[in-house]
Amino acid sequence: DSGVTQTPKHLITATGQRVTLRCSPRSEDLSVYWYQQSLDQGLQFLIHYYNGEERAKGNILERFSAQQFPDLHSELNLSSLELGDSALYFCASSLRGGSSTDTQYFGPGTRLTVL
Amino acid sequence: QQPVQSPQAVILREGEDAVINCSSSKALYSVHWYRQKHGEAPVFLMILLKGGEQKGHEKISASFNEKKQQSSLYLTASQLSYSGTYFCGTEFRSNDYKLSFGAGTTVTVRA
């Protein structure tokens, strides 16, 4: 158990809908990262927040947005969902703001299925 | 910018050794290695910073060759518990704030 929690564990929804994925980092961590993992692909970095501020963006679609709240939990909002958005979404947290020696601790993931 | 991992998959018998490579077309500052078992979250193994250092985690070690822009992960005397998909995550400059992950190498260790 990494200490990172994600809810819900599974989510099934229809195309065109909007969903919110939630992540609570380890108690000592200030950074939160979001990743998407599809069947045929590795981990795709989406976005990184540090202490409430966006630090880096990866291949995140405009239909997706995220935020980190004052209590440091984070939410990833996915809207106008398409079949191709079906994937495992991981949240990870780390102590600092992306230091090269920072270990990222991954949560159990949310499996999103878009029908 | 995504690093390239090879091989894509490897099957081992218990006690055998294997090497997984992670190559980049850009200069690397650090390489992070993770292992993911089926249906679970990736688990951190080790970080290597530029400088050609080697590190170890149980009987798993890694090296980082800056000149070749490559890192290698060595599985020595493999155990059943080593089965899983290994990912390398690369950083191109200090404090890059994001990792680019390779497509993964699936390792199957059989008794």
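Placed above this text is the structure.
Here the structure is a predicted model, which means the values were calculated and not measured. (Residues numbered from 1 in each chain as written. Chains lettered and ligands numbered in written order. Predicted model: local features only at pLDDT ≥ 70, side-chain atom pairs only at ≥ 80, totals over all residues. Heavy atoms only, no water.)

A. Geometry of the interface of chain B and chain A. On the side of chain A, 23 residues touch chain B, which itself brings 24 residues to the contact. Interface area, chain B with chain A, both sides summed: about 1700 Å², of which 58% is carbon and sulfur. Linking chain B with chain A are zero salt bridges, by the criterion used here. At the boundary of chain B with chain A, the tally comes to two residue pairs in polar contact (both at pLDDT 80 or more). (Contact = heavy atoms within 4.5 Å. Buried area = accessible area lost by both parts, 1.4 Å probe. Salt bridge = Lys/Arg side-chain N within 4 Å of Asp/Glu carboxyl O. Polar contact = N/O pair within 3.5 Å; in protein donor to acceptor, adjacent residues only side chain to side chain.)

B. Seen up close, the environment of E62 of chain A. Tracing the backbone shows E62 of chain A in the loop between β6 (53-57) and β7 (64-68). Between the C-alpha atoms of E62 of chain A and Y105 of chain A, which are 43 residues apart in sequence, the distance is 26 Å. (Helix = DSSP H or I, 4+ residues; strand = E, 2+ residues; numbered from the N terminus.)

C. Summary view of the nonpolar core. Core analysis: the biggest nonpolar cluster contains 22 residues, and W33, M46, L73, L75, Y86 and V107 of chain B have the highest contact counts within it. Counting only elements with at least two residues in this core, the list comes to β2 (9-13), β3 (18-23), β4 (30-36), β5 (43-49), β7 (60-65), β8 (70-75), β9 (84-91) and β11 (105-110) of chain B. Among all residues touching Y86 of chain B, those that are not within four sequence positions of it are Q5, I20, Y34, R35, L45, I60, L73, L75, G104, T105 and V107 of chain B. Within the second largest apolar cluster, 21 residues are counted, among which are L21, F64, L81 and A87 of chain A. (Core = buried A, V, L, I, M, F, W, Y, C linked by side-chain atoms within 4.5 Å. Buried < 20%, exposed > 50% of the residue type's maximum accessible area, 1.4 Å probe, protein only.)

D. Representation of the layout of surface pockets in the model. By volume, the largest pocket is sized at about 690 Å³. Residue lining of the largest pocket: 31 residues in total, with Q37, S38, L39 and Q41 of chain A together with Q36 of chain B positioned closest to the centre. At the level of secondary structure, the elements contributing two or more residues to the lining of the largest pocket comprise β9 (87-94) and β11 (110-114) of chain A together with β1 (4-6), β9 and β11 of chain B. In this model, the second largest pocket occupies a volume close to 380 Å³. Together, 19 residues line the second largest pocket, and F106, G107 and P108 of chain A together with E40 and A41 of chain B are the ones closest to its centre. If you list the elements that add at least two residues to the lining of the second largest pocket, you get β10 (105-106) of chain A together with β5 of chain B. (1 Å grid on protein atoms, 1.4 Å probe; cavity = no way out; pocket = protein on both sides within 12 Å on 5 of 7 lines; lining within 4 Å. Points joined across faces, edges and corners; volume = space filled by probe spheres on them.)

E. Examining the pairing of β4 of chain B more closely. All names here are of chain B. Counting buried residues along β4, seven of its seven residues qualify, which places the element largely inside the surrounding structure. Relative to β5, β4 is paired through six bridges, and the arrangement is antiparallel. Looking at β5, one finds that W33 is bridged to M46. Hairpin geometry of β4 and β5 is characterised by an intervening segment of six residues between the two adjacent antiparallel strands and by a positive phi of about 80° at G39. Here seven bridges tie β4 to β9, and the two strands are oriented antiparallel to one another. Counterpart to Y34 in the pairing with β9 is F87. (Pairing = 2+ DSSP bridges.)

F. Structural detail: the pattern of salt bridges. Residue and element names in this part refer to chain A. What the rule picks out here adds up to four salt bridges over all chains. As a salt-bridge pair, R26 and D29 come within 2.8 Å of each other at their nearest N and O atoms. Overall, the relative accessible area of 15% leaves R26 in the buried class. Here R63 makes a salt bridge to D85, at a shortest N to O gap of 2.8 Å. Highlighted residues: R63 in the loop between β6 and β7 and D85 in the loop between β8 (74-78) and β9, separated in sequence by 22 residues. Judged on exposure class, the residue R63 and its partner D85 are both buried. Within the structure, one salt-bridge network assembled from shared partners comprises R26, E28 and D29.

Read these as geometric descriptors, not functional statements.
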